[in-house]
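Per-entry structural report
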Amino acid sequence: MVGGKVVQELARTGQAPPDRYIQTNDSRPIAAPAVTSAVPVIDLRRLFRSDGAEEAEKLRSALQSWGLFQVGVYHLLVIDTDIPTIQVIWLLRRTLFTVLQAIGHDIPVSFLDDVQDAARRFFQLPMEAKQKYSNLTETGEFGLEGYGNDCVLTEDQILDWNDRLYLLVQPEDERKLELWPEDPSNFRDVLHEYTMKARKVVERVLWVMAKLLELEENYFINQLGDRAGVYARFNYYPCCSTDSVFGIKPHSDGSVITALLLDKEVEGLQVLKDGEWVKVPIIPHALLFNLGDQMEIMSNGIFKSPVHRVVTNTKERMSVAMFYALEPEKYLEPAEGLVDEKRPRLYKKMRTKDFLDVFFQKFSLGQSTSDCAKL
Ligand SMILES: O=C(O)CCC(=O)C(=O)O
Ligand SMILES: [Fe+2]
């Protein structure tokens, strides 16, 4: 296993991307242009006002025509059983949502800007400064964590137009701090604080999701537990004037759930819905929640992990993804309460580590990952 060349350097030459990045004709982004109609945004706060009927109608139509929507998550954060919360849960249960945007999530906007700035300043450092944190060993072997490009498994693997800094942030005692940038000087503190803040929001969302499925409300939170493997992936997509490459090729995430902080100005993320690619619009400072394969397995297929991709742009783009996965030694399987005669078990029991080993291989090769654990 070796790593690819850093894309930022290739972009700097101003030449067309090398062949290794060029998609075959039938899988190019241009072969399947994304629809431009906006994903509906539902404001849950409005739903519970006296004039909420219009918002409810919007939600009903969103459910019928899309099955996914973006949502102001304020009411999801009210962790008690007052009536509005129950109504929200009832409404959401019918959506089986897989992607949602969260606003009103309690993380100060200025702090989210700090996260973006710290990441941007890291990617702007000279190459030698970044290479101190390389994901390649001295002999060129690929290590999961660090700064760099794709893991290259085969000669003909098509690479993504993306550099990333990938770091385990939890459990804290497993952090490889030598790979955490010291420049910019606030990077480590900002990442630590973001880890803490984002985890709180994620746990609130997971709490509601367990309720939607009529599981014990802490079910997913407990599955993650204290030793969950949480990774931060800072994605940097240099500008690119051709649309024959992908920022990230179509994939689903291997996590339970992913929290994404998207670029405030440059679009790129697209989600596959009913066979059609849909652009995820920018809502500055929202967090986008994306369910991963581990959630699909634990929910016995009731929640799906959506296939998504990133296209390049004539402007550079950045995103910060936080992936929440079960602890590697823990077993991954459908929740007992979600398996019965009407809904037979769809996924086998697998050690999370074994699942992720297969996942990363398939991910690198651009193959579908969601069936890794299918029976
Ligand atoms: O950059 C984005 O918007 C999405 C990134 C993503 O899908 C990933 O890191 O898995
Ligand atoms: Fe992803």
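Model, not experiment: these values are computed from the prediction.

Remarks on the coordination of the iron ion (ligand 2)
Only His251 (NE2), Asp253 (OD) and His308 (NE2) from the protein reach the iron ion (ligand 2) as donors, at distances of 2.1 to 2.2 Å. The sequence pattern formed by the donor residues of the iron ion (ligand 2) is H-x1-D-x54-H. Of this pair, His251 sits in strand E9 (residues 246-251) while His308 sits in strand E14 (residues 308-311); the two residues are 57 residues apart in sequence, bridging distant segments of the chain. Assessed through its relative accessible area of 10%, His251 is described here as buried. Assessed through its relative accessible area of 5%, His308 is described here as buried.

Description of the environment of Val311
Relative to the helices and strands, Val311 resides in strand E14. Of the residues examined, Val311 reaches a relative accessible area of 16% and is grouped as buried. Between the alpha carbons of Val311 and Asp253 there is a distance of 17 Å; along the sequence they are 58 residues apart. Other than its neighbours up to four places away in sequence, Val311 contacts Pro29, Phe246, Gly247, Gly268 and Gln270.

Quick word on the sheet that holds strand E12 (residues 276-279)
As a general point, the strands of a sheet are linked pairwise by backbone hydrogen bonds and lie either parallel or antiparallel. Reading across the sheet, the four strands line up as E9-E14-E11-E12 and stay open at both edges, with antiparallel pairing between neighbours. Edge positions in the sheet fall to E9 and E12, since each of these pairs with one other strand and no more. Adjacent strand axes in the sheet meet at a mean angle of 30°, parallel and antiparallel pairs treated alike.

Comments concerning the UniProt feature "domain: Fe2OG dioxygenase" (unreviewed entry) in the protein chain
Mapped onto the present numbering, the UniProt feature "domain: Fe2OG dioxygenase" (unreviewed entry) falls on residues 220-326. Here residues 220-326 is 10% helix and 44% strand, with 10 Å between the C-alpha atoms at its ends.

Thoughts on the site of ligand 1
Close to ligand 1 lie 15 residues, the nearest being Asn235, Tyr237, His308, Arg317 and Ser319. Within the side chain of His251, a nitrogen or oxygen atom sits 3.2 Å from an oxygen atom of ligand 1. About the coverage of ligand 1: the protein hides 99% of its 300 Å² of free accessible area. Every element with two or more residues in the shell around ligand 1 is listed here: strand E8 (229-237), E9, E14 and strand E15 (317-325). Broken down by element, the shell around ligand 1 gets its largest block of residues, four residues, from E15. Split into classes, the residues belonging to the shell around ligand 1 amount to eight nonpolar, four polar and three charged.

Some points on the packing of aromatic side chains
How two aromatic rings sit relative to each other is given by the distance of their centres and the angle of their planes. Counted by the stated rule, this structure contains 15 aromatic pairs. For the pair Phe359 and Phe360, a centre-to-centre distance of 5.4 Å together with 80° between the ring planes defines the contact as edge-to-face. Put simply, the rings of Phe122, Phe123, Tyr133, Tyr147, Phe187, Phe234 and Tyr236 pair up and form one aromatic cluster. Sitting over the ring of Phe111, Lys197 keeps its end group 5.1 Å from the ring centre. One residue, Arg309, lies across the ring of Trp277, its end atom 4.1 Å from the ring centre.

A look at helix H10 (residues 352-364)
Here H10 contains 13 residues, and its C-alpha end-to-end distance of 18 Å stays within 8% of the 18 Å for a straight helix at 1.5 Å per residue. Buried positions along H10 lie against strand E6 (151-152), E8, E9, helix H9 (293-298), strand E16 (331-332) and strand E17 (350-351).

Focus: the nonpolar core
Formed by 84 residues in total, the largest nonpolar core has its most connected members in Tyr194, Leu206, Phe220 and Ile257. Here this core gets 13 residues from one element, more than from any other, and that element is helix H7 (residues 187-212). Aside from chain neighbours lying at most four places away, what touches Tyr194 is Ile107, Phe111, Leu112, Val115, Arg199, Leu261, Leu287, Val320 and Met322. Of all hydrophobic cores here, the second largest spans eight residues; its members include Val7, Leu159, Trp161 and Cys240.

Focus: the environment of Lys362
Following the sequence through the fold, Lys362 ends up in helix H10. Taking the relative accessible area as the measure of exposure, Lys362 reaches 22% and is therefore partly exposed. A C-alpha to C-alpha distance of 9.3 Å links Lys362 and His251, two positions 111 residues apart in sequence. Not counting the four nearest positions on each side in its chain, Lys362 is found in contact with Gln367, Ser368, Thr369, Asp371 and Cys372.

Some remarks on the confidence of the model for the protein chain
For the protein chain, per-residue confidence averages 80 on the pLDDT scale, and residues scoring 70 or more make up 78% of the total. Segment residues 62-97: pLDDT under 50, and 100 contacts once partners within four positions in sequence are set aside and those in other chains are kept. Interface confidence in the predicted complex, given as ipTM, is 0.99; pTM for the same model is 0.85.

Remarks on the pattern of salt bridges
Taken as a whole and judged by the stated rule, the model has 14 salt bridges. A salt bridge links Arg120 to Glu316; the nearest nitrogen and oxygen atoms lie 3.7 Å apart. Note that Arg120 is positioned in helix H5 (residues 109-123) and Glu316 in the loop between E14 and E15, a separation of 196 residues in sequence. Taking the relative accessible area as the measure of exposure, Arg120 reaches 25% and is therefore partly exposed. Classification of Glu316 as partly exposed rests on a relative accessible area of 31%. Taking the shortest distance from any N to any O, the salt bridge between Glu329 and Arg351 comes out at 2.7 Å. Note that Glu329 is positioned in the loop between E15 and E16 and Arg351 in strand E17, a separation of 22 residues in sequence. On the basis of relative accessible area, Glu329 is assigned to the partly exposed category, the value being 48%. It is possible to trace a salt-bridge network through shared partners that takes in Arg120, Asp263 and Glu316.

About the thresholds
- As a convention, each chain's residues are numbered from 1 in the sequence order in which they are written.
- In the order they appear in the text, chains get letters beginning with A and ligands get numbers beginning with 1.
- pLDDT decides what is reported in this predicted model: residues at 70 or higher carry local features, side-chain atom pairs at 80 or more are listed and counted, and totals for whole chains, interfaces and linings draw on all residues regardless.
- Calculated side-chain values reflect all of the structure's heavy atoms, with hydrogen atoms and water omitted.
- Sites may look incomplete because water is not among the atoms; the donors themselves are N, O and S atoms within 2.8 Å of the metal, or within 3.2 Å for Na, K and Ca.
- The secondary structure listing takes helices from DSSP runs of H or I that are at least 4 residues long and strands from runs of E that are at least 2 residues long, numbered from the N terminus.
- The buried label goes to any residue with under 20% of its type's maximum accessible area, the exposed label to any with over 50%, and the partly exposed label to all in between, with areas taken from a 1.4 Å probe on protein chains only.
- Two residues form a contact once any of their heavy atoms are found within 4.5 Å.
- For two strands to be treated as a pair, DSSP must find at least two bridges joining them.
- Lines fitted to the C-alpha atoms define the axes, with helices restricted to the stretch that makes contact. Angles between their N-to-C directions range from 0 to 180 degrees.
- UniProt positions are given in the numbering used here, feature names are shortened, and annotations may be inferred rather than shown by experiment.
- Throughout, near means a residue has at least one heavy atom within 4 Å of the molecule or strand.
- Polar contact criterion, stated in full: a pair of N or O atoms within 3.5 Å, where within protein one must be able to donate a hydrogen and the other to accept it, and residues adjacent in sequence count only if both atoms are side-chain atoms.
- Surface accessibility follows the Shrake-Rupley procedure with a 1.4 Å probe radius. Residue values consider only the protein chains on display as shielding.
- Residues are grouped as follows: Ala, Val, Leu, Ile, Met, Phe, Trp, Tyr, Cys and Pro are nonpolar; Asp, Glu, Lys and Arg are charged; all remaining types, including Gly, are polar.
- Ring pairs are drawn from Phe, Tyr and Trp, using the six-membered ring of Trp, whenever the two centres fall within 6.5 Å, and their geometry is named by plane angle: stacked under 30 degrees, edge-to-face over 60, tilted for the rest.
- Any Lys NZ or Arg CZ found within 6 Å of a ring centre and within 35 degrees of that ring's normal is scored as a charge over the ring.
- A helix is expected to span 1.5 Å for every residue after the first.
- Only buried residues count toward a nonpolar core. Its members are Ala, Val, Leu, Ile, Met, Phe, Trp, Tyr and Cys residues joined through side-chain atoms within 4.5 Å.
- Residue-level confidence of the predictor is summarised by pLDDT, bounded by 0 at the bottom and 100 at the top.
- When a carboxyl oxygen of Asp or Glu lies within 4 Å of a side-chain nitrogen of Lys or Arg, that pair is called a salt bridge.

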